[in-house]
Amino acid sequence: MEDVCVHKKAPWLFEKLRAKLKRRVDRRVRELKSSSAAMDPVAFTRAFDVAWQEHCDAVDTTRRVFLYLDRVRAGGAAERRPSAPRTIWDVGVSLFRDALLGTSETGESETNLSRNTEKVDDDASRGARRAAGEAAAARVAGGDAASELEKETETETEPQPQPRGVSFDAALCVARGACALVANERGGASRDERGLLRRVARAFLEIGAYRETFEPLFLETTAARYAREGDESIAALDPFEYARHCEERLRFEAELCDDALDASTTRQATRVVARHLVEKHLRRMLDDGFAKAFAEKRVDDARRFFALARRCDGGRGGEHPGTEHVPGESVSTETKFVDAVRRAYGSSLKALGSEIVKDDTGDKDAVVRLLSLRRAADEFTRRAFESGEAFCAT
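Residues numbered from 1 in each chain as written. Predicted model: local features only at pLDDT ≥ 70, side-chain atom pairs only at ≥ 80, totals over all residues. Heavy atoms only, no water.

Q: Could you give me a rundown of the packing of helix H11 (residues 210–236) against helix H12 (residues 239–260), with the residues and numbers involved?
A: Two numbers describe how H11 lies on H12: the axes approach to 11 Å, and their chain directions differ by 165 degrees. Relative to H12, the element H11 lies roughly antiparallel. In the crossing of H11 with H12, the sense of the turn from one axis to the other is right-handed. Between H11 and H12, the contacting residues are Phe218, Thr222, Arg225, Tyr226, Glu229, Gly230, Ser233 and Ile234 on the first element and Tyr242, His245, Arg249, Phe252, Glu253 and Cys257 on the second. Split by residue class, the contact of H11 with H12 holds six nonpolar, four polar and four charged. (Axes fitted to C-alpha atoms, helices over the stretch in contact; angles between N-to-C directions. Helix = DSSP H or I, 4+ residues; strand = E, 2+ residues; numbered from the N terminus. Parallel < 35°, antiparallel > 145°, perpendicular 65-115°, else oblique. Left-handed = near helix turned anticlockwise from the far one by under 90°. Contact = heavy atoms within 4.5 Å. Nonpolar A, V, L, I, M, F, W, Y, C, P; charged D, E, K, R; others polar.)

As structure tokens, this is what we get:
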């Protein structure tokens with residue numbers, strides 16, 4: 001292989017290799033697409049995962065066989081055409097992406113392929129004697145892989161079936177299958193398919209379909225799921241149970257995204273969940289539960305209300321790193337949802353204080369009871385609201 005490259009046959013060999021890879025990838029992806037009619041999205045996602053893993057293994061094996069050529073190509077491609085795939089792995093990913101997404105490399109890349117091949121062939125014909133000597137040296141010094149590749153390329157006459165209609169979006173079908181896996185796990189299914197979801201997400205990131213295809217669909221289905229779940233759960237649970245449910249769901253979604261999806265999805269997904277589970281129903285939670293939480297000294301429940309509200313405002317409402325502050329965003333505790341908690345806290349204090357003052361039967365103990373209320377309020381502020389300035393002023 002080294003002698004082939006030393007004798008300046010690297011461009012010719014690389015284009016032959018690329019053409020061979022393209023035929024194999026196109027054939028495999030056509031097989032994948034043609035099988036979709038008999039599969040549901042989850043089954044098609046599994047088939048995609050198998051096809052992608054086979055493709056990666058094949059490209060990796062090819063790269064190892066043509067390692068010297070790969071290094072020569074990587075070292076010289078930047079000088080010729082920086083936007084072109086530089087390595088055999090890059091070419092393999094590009095070919096798979098184009099075949100899957102239906103963006104076949106017509107135009108410049110195919111034209112360049114023909115031009116480069118023709119140029120090399122012309123050079124070889126002008127220097128026939130020199131080329132013959134080089135080819136002989138290459139065969140003697142280990143050019144059998146190149147000769148075999150050329151032979152297969154020239155003799156392969158397998159008929160190529162026509163690709164499936166452009167109306168079929170294979171990437172979207174895979175994304176739907178992945179979202180169905182997520183929906184199953186959200187519904188209580190085991191995490192056995194988490195590995196499949198992780199591999200599909202990595203594959204979509206590799207071929208450049210994650211941001212355009214998978215992530216928008218994932219966030220859309222997440223919003224629909226939790227909008228429906230929020231409306232049903234707020235009616236079936238008491239405020240404290242519902243707050244715990246919100247906390248568990250936010251933690252679950254963050255863990256799912258961190259484990260199987262891209263890091264950038266975590267924050268977006270948890271915000272979607274917070275919007276539909278917490279923001280939409282926070283007022284009802286506070287109206288029905290905060291006064292009881294304060295009266296019964298349920299510090300943990302009050303702290304949970306506060307953490308959920310602060311999460312909605314973009315602050316550090318939870319322990320999960322995906323909810324940390326983003327530069328440029330406000331972290332003030334005097335924000336929309338936290339302020340709703342502060343007002344509920346103030347209303348509870350006023351109601352209890354007014355009850356003590358208006359109680360004619362306990363005039364002798366009124367001062368003691370008010371002082372006790374003040375101490376309870378200070379303790380509540382410290383433990384539930386982290387001694388927030390706005391809450392202390394209340």
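On we go from here.
Q: An account of the environment of valine 91 is needed here, citing residue identities and associated values.
A: As for its position among the elements, valine 91 is in helix H5 (residues 88–101). Judged by its relative accessible area of 5%, valine 91 is buried. As for valine 91 and leucine 17, which are separated by 74 residues in sequence, their C-alpha atoms are 10.0 Å apart. (Buried < 20%, exposed > 50% of the residue type's maximum accessible area, 1.4 Å probe, protein only.)

Q: Outline the packing of helix H10 (residues 194–207) against H11, supporting the account with residue identities and numerical values.
A: One way to put it is that H10 packs onto H11 with a least axis distance of 9 Å and a crossing angle of 145 degrees. Facing H10, whose interface residues are Ala201, Phe204 and Leu205, H11 presents Tyr210, Arg211, Thr213 and Phe214.

Q: Which residues make up the nonpolar core, and what values do they have?
A: Grouped together as the largest cluster of nonpolar side chains are 93 residues, with contacts concentrated most on Phe48, Phe204 and Phe290. Excluding anything up to four places from it in sequence, phenylalanine 48 contacts Leu32, Phe96, Leu100, Val174, Val200, Ala203 and Phe204. (Core = buried A, V, L, I, M, F, W, Y, C linked by side-chain atoms within 4.5 Å.)

Q: Kindly report on the packing of aromatic side chains, identifying the contributing residues and their values.
A: All chains considered together, the criterion is met by seven aromatic pairs. Consider the rings of phenylalanine 48 and phenylalanine 204, whose centres lie 5.8 Å apart with planes at 85 degrees: the pair is edge-to-face. Highlighted residues: phenylalanine 48 in helix H3 (residues 41–65) and phenylalanine 204 in helix H10, separated in sequence by 156 residues. This pair shows no difference in class: phenylalanine 48 is buried, exactly as phenylalanine 204 is. These aromatic residues form a ring-pair network of at least three members: Phe48, Trp52, Phe96 and Phe204. (Phe/Tyr/Trp six-rings, centres within 6.5 Å; stacked < 30°, edge-to-face > 60°.)

Q: Explain the environment of valine 50 to me, using residue names and the numbers behind them.
A: Relative to the helices and strands, valine 50 resides in helix H3. Judged by relative accessible area, valine 50 falls into the partly exposed class, the value being 42%. Each C-alpha atom, one on valine 50 and one on leucine 32, is 9.7 Å from the other, the two residues being 18 residues apart in sequence.

Coordinates in, geometry out; function isn't part of it.
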